[in-house]
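Commentary on secondary and tertiary structure
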Amino acid sequence: MDSHAANDRIAQRIRAICQRVEEGRAAGFYFYNQPIEELMGGARVRVNGREMGMYASYSYLGLVGHPRINEAARRAIERYGTGTHGVRFLAGTLPVHCELEETIAAFKNTEAAVTFSSGYVTNLSVIAALVGRGDYVICDKLNHASIVDGCLLSGAEFRRFRHNDMNDLERCLRQVPPEATKLVVVDAVFSMDGDIIDLPRVVELCRQYNAWLMVDEAHSVGVLGKTGRGIEEHFGLGDVIDIKMGTLSKTIPSVGGYVAGKRELITYLRHACRSYIFSASLPPAQAAAANEAFKVILDEPWRVEQLRSNAELFIRGLKEAGFNTLMTETAIVPIICGADERAFMMTRECHENGIFVLPVISPAVPEGLARLRATVTAAHDPKDIARAVEIITEAGRRVGII
Ligand SMILES: *Cc1c(COP(=O)(O)O)cnc(C)c1O
């Protein structure tokens, strides 16, 4: 770095971030990348040598380490080894990939599905394959970064509406030339706020204005709907989403992403998505684990029910203590702290008292709305949740948030 000029912008960017990291470390406020040393059944973890209650997990149904899923992964390794023979369309397709795609299509009550190597890459390449220059892509302001990146990559006109504001979505749709091709993309459950998109109204508006609808179900599968099938089941709507996108890295304890939908759409995506064509397929163990996980969800419906009651318990307790938890109705529970510093102080207080939660600060969320982004899972015992609420409440009083 020293060989670059002082005004070199790359060197400046590197220095700015490194300085921020150093300051955070010096203040004891650096919580980035803490290794989870041991996963103790999902509800507890060991971090920095200390055992804590886990309130920062995406494994909403507590499926990480599930014996059936581990066994499926082991069998796949024994049968196929750890890698594939390249990208899907050449020699990278194994029977386990086809099985996984059939399982997803059945789980999502639709004709077909296609998988990718991550959820991020799914959004990126699917949006870029569907729309291009001269088309319009319309997003909720709080959509996930991978959706935003896909919209930018596509080259389509990018419009955003106020968060979950259906009048503003209609305004956006009205402003687009009626003959233009339109794609509306929304999160089912918003990843920083935990609230649910008004899907019935979004569907109506998309039909009225002749727009395609893509919904990201990263935090919806396993979480919403009586059997965990997601947002359409939650609203009792049937097959109303054109492009049902999801990840295999949250409720499904693996890695990868997918789109489920009509057969012709899926055929098109297999031939048009650059990440499908130019990037290797999922390793066999991960594909087999994901495949088994969808089956476990259907075989163990108590997990979905337990998650729902745990989330209700946690949200109610925090609200009664006086915290602002925004509009969450799901397992993602924002605990608003205000300035970044307060979120860091809350995090430290919680860790010291055995609760593992993590802060989210700007630019990931708006300035002044820094928060703990707490989550509950089906693996938690209601008694532990009640205790966690007490600890967070005591921390909130010490930090002066409530
Ligand atoms: C996590 C997440 C993704 C990305 O999924 P990965 O499989 O982790 O790449 C996409 N969308 C949303 C809403 C997410 O929360």
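Bear in mind that the values here come from a model prediction, so they are computed numbers and not experimental data.

1. Things to note about unusual backbone geometry
S362 connects to P363 through a cis peptide bond whose omega is 10 degrees. Position of P363 relative to the elements: it lies in the loop between β13 (359-360) and β14 (370-375). Even without being a glycine, N210 presents a positive backbone phi close to 60 degrees. The class of N210 is exposed, set by a relative accessible area of 61%.

2. Overview of the domain arrangement of the protein chain
Splitting the protein chain by domain gives domain 1 (25-54 + 301-399) and domain 2 (67-299). Centre-to-centre separation of domain 1 and domain 2, based on C-alpha positions: 27 Å. Around 1300 Å² of area is buried between domain 1 and domain 2 when both sides are counted, 59% of it from carbon and sulfur atoms. Applying the counting rule to domain 1 against domain 2 returns one salt bridge. In this structure, D193 engages R371 in a salt bridge whose closest nitrogen and oxygen atoms are separated by 2.8 Å. Counting the contacts that link domain 1 with domain 2 gives seven residue pairs in polar contact (both at pLDDT 80 or more). Broken down by secondary-structure element, the contributors of at least two residues to the side of domain 1 that touches domain 2 are α13 (302-320), β11 (332-338) and β14. When residues in the side of domain 1 that touches domain 2 are grouped by element, the largest group, three residues, is from α13.

Each value, and the rule that gives it
Residues numbered from 1 in each chain as written. Predicted model: local features only at pLDDT ≥ 70, side-chain atom pairs only at ≥ 80, totals over all residues. Heavy atoms only, no water. Helix = DSSP H or I, 4+ residues; strand = E, 2+ residues; numbered from the N terminus. Buried < 20%, exposed > 50% of the residue type's maximum accessible area, 1.4 Å probe, protein only. Domains from an automatic or database assignment. Buried area = accessible area lost by both parts, 1.4 Å probe. Salt bridge = Lys/Arg side-chain N within 4 Å of Asp/Glu carboxyl O. Polar contact = N/O pair within 3.5 Å; in protein donor to acceptor, adjacent residues only side chain to side chain.

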